[in-house]
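One-letter residues, chain by chain:
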Amino acid sequence: MPNRNLRQKNSKRSPKKTLKKQKYNILVWGLIIIFAIFIVSKIAYTISNRSFNSMDSSVLIVKNDGNEVKTFTLKQIRNMDSKKKQVEVSNIEKVEIEGIPMVDFLSNIDMDSSKYVNMYLYDENGNKSYLAMENVLEPDRYYLVYRINGKPNRQYDSSFGVFAIIDTRSSSIDSWDKNIQTIDIN
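The following paragraphs examine the structure supplied in this document. (Residues numbered from 1 in each chain as written. Predicted model: local features only at pLDDT ≥ 70, side-chain atom pairs only at ≥ 80, totals over all residues. Heavy atoms only, no water.)

### Remarks on the overall build of the protein chain
We count it as follows: What counts as a helix is a DSSP run of H or I of at least four residues, what counts as a strand is a run of E of at least two, and both are numbered from the N terminus. Burial classification: accessible surface area is computed with a 1.4 Å probe over protein chains only, and a residue below 20% of its type maximum counts as buried, one above 50% as exposed, and the rest as partly exposed. Contacts: residue pairs with any heavy atoms within 4.5 Å of one another. Using a 1.4 Å probe, accessible areas were evaluated by the Shrake-Rupley method; residue-level cover was limited to the displayed protein chains.
On a plain count of helices and strands, the protein chain comes out with 6 helices and 10 strands. Counting all 186 residues of the protein chain, 34% fall into the buried class. Across the protein chain, the fraction of contacts at a sequence separation of at least 24, relative to all contacts at a separation of at least 6, is 56%. For the protein chain, the accessible area works out to roughly 12000 Å², and carbon and sulfur atoms hold 51% of it.

### Some words on the pattern of salt bridges
Applied cut-off: Here, a salt bridge means any side-chain nitrogen of Lys or Arg that lies within 4 Å of a carboxyl oxygen of Asp or Glu.
Under the criterion given, the structure shown has 6 salt bridges. For lysine 83, the salt bridge goes to aspartate 104, with nearest N and O atoms at 3.8 Å. Note that lysine 83 is positioned in strand 3 (residues 83–89) and aspartate 104 in helix 4 (residues 102–106), a separation of 21 residues in sequence. Since its relative accessible area comes to 29%, aspartate 104 is described here as partly exposed. For the salt bridge of glutamate 138 with arginine 169, the shortest nitrogen-to-oxygen distance reads 2.8 Å. Note that glutamate 138 is positioned in the loop between helix 5 (133–136) and strand 7 (142–148) and arginine 169 in the loop between strand 9 (164–167) and strand 10 (180–185), a separation of 31 residues in sequence. Classification of arginine 169 by relative accessible area gives exposed; the value is 58%. One network of salt bridges, with partners in common, ties together Glu138, Arg141, Asp167 and Arg169.

### A look at the sheet that holds strand 2 (residues 67–73)
Picture the strands of a sheet paired through backbone hydrogen bonds; they go either parallel or antiparallel. Convention followed: Pairing between strands is defined by DSSP: at least two bridges between them are needed. To obtain an axis, a line is fitted to C-alpha atoms, over the contacting stretch when the element is a helix, and the angle between two such axes runs from 0 to 180 degrees between their N-to-C directions.
Strand order in the open sheet formed by 5 strands is 2-1-10-5-6, and the pairing between neighbours is mixed. The open sheet is flanked by strand 2 and strand 6 (128–132), the only strands paired with a single partner. When strand polarity is set aside, the average angle formed by the axes of neighbouring strands in this sheet is 20 degrees.

### A short note on the packing of aromatic side chains
Aromatic ring pairs are described here by two measures, namely the spacing of the ring centres and the angle between the planes. Just so we agree on the cut-off: We call Phe, Tyr and Trp rings a pair once their centres come within 6.5 Å, taking the six-membered ring for Trp, and we label the pair stacked below 30 degrees between planes, edge-to-face above 60, and tilted otherwise. Consider the ring centre and the ring normal. A charge sits over the ring if Lys NZ or Arg CZ is within 6 Å of that centre and within 35 degrees of that normal.
Tallying each qualifying case throughout the model produces 4 aromatic pairs. Both rings, one in tyrosine 120 and one in tyrosine 130, keep their centres 5.9 Å apart while their planes meet at 45 degrees; by these two values the pair is tilted. Residue tyrosine 120 is found in strand 5 (residues 118–123), and its partner tyrosine 130 is found in strand 6; the two are separated by 10 residues along the sequence. Ring centres 5.9 Å apart and planes at 75 degrees place the aromatic pair phenylalanine 160 and tryptophan 176 in the edge-to-face group. Of this pair, phenylalanine 160 sits in the loop between helix 6 (153–156) and strand 9 while tryptophan 176 sits in the loop between strand 9 and strand 10; the two residues are 16 residues apart in sequence, bridging distant segments of the chain. Comparing phenylalanine 160 with tryptophan 176 shows no difference in burial state: the two are buried. Taken together, Tyr156, Phe160 and Trp176 form an aromatic cluster joined through their ring pairs. Geometry around tyrosine 120 places lysine 128 over its ring, the cationic atom sitting 4.7 Å from the centre.

### A closer look at the environment of tyrosine 130
Tyrosine 130 gets classed as exposed once you look at its relative accessible area, which sits at 54%. Considered as a pair, tyrosine 130 and tyrosine 120 are 10 residues apart in the sequence and their alpha carbons are 4.2 Å apart. Ignoring sequence-local partners within four residues, the contact set of tyrosine 130 consists of Asn118, Met119 and Tyr120.

### Some remarks on the pairing of strand 10
In the case of a regular strand, side chains alternate between the two sheet surfaces. Most of strand 10 is tucked away, with 5 of its 6 residues classed as buried. Where strand 1 (residues 59–64) lies against strand 10, 4 bridges are found, and the strand directions are parallel. Residue pairing across strands places asparagine 64 opposite isoleucine 185, the latter belonging to strand 10.

### Brief notes about the environment of valine 103
Here valine 103 shows up in helix 4. Overall, the relative accessible area of 28% leaves valine 103 in the partly exposed class. Along the primary structure valine 103 and tyrosine 143 are separated by 40 residues, whereas in three dimensions their C-alpha atoms are 8.4 Å apart. In this structure, valine 103 is in contact with Val136, Leu137, Glu138 and Pro139, ignoring residues within four places of it in sequence.

Below is the structure:
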């Protein structure tokens, strides 16, 4: 019998050792979870940007009185400080747009936009529309958009093209300027 009691005493762990082992296990599992979250977020980021790879070389030309001032690729625009915003469409649904507020975009061009009256927009087919610069320069109103509801514009609606300029105060998609390829500031 004495041997049996001795074995039972040795087989029981002290509470301090058990607590240390639990802390160690918690730490290891915590690190594993953090690492897994990091990997999953990297994969999600890669997948979400993969759809842009074929369009990254698409170009937006900025002109001043008909003279080319600067050219931006989609990749350059996506690397700017983009923002997301909820926009109401047809008073029924909301869509999330992602792009650059026009005020911020224009600050990347070496010209004083406030001196000009109009911004002319040309689409892929040469159609022309214009916006009053005083409205374009209102903070958080007009956005140069490249993603709608998490999809590139063209995947959301093929008529939107790569770039669209959206008035966040307008609830009509018909009033949005779609498939923009050239901006001419006059």
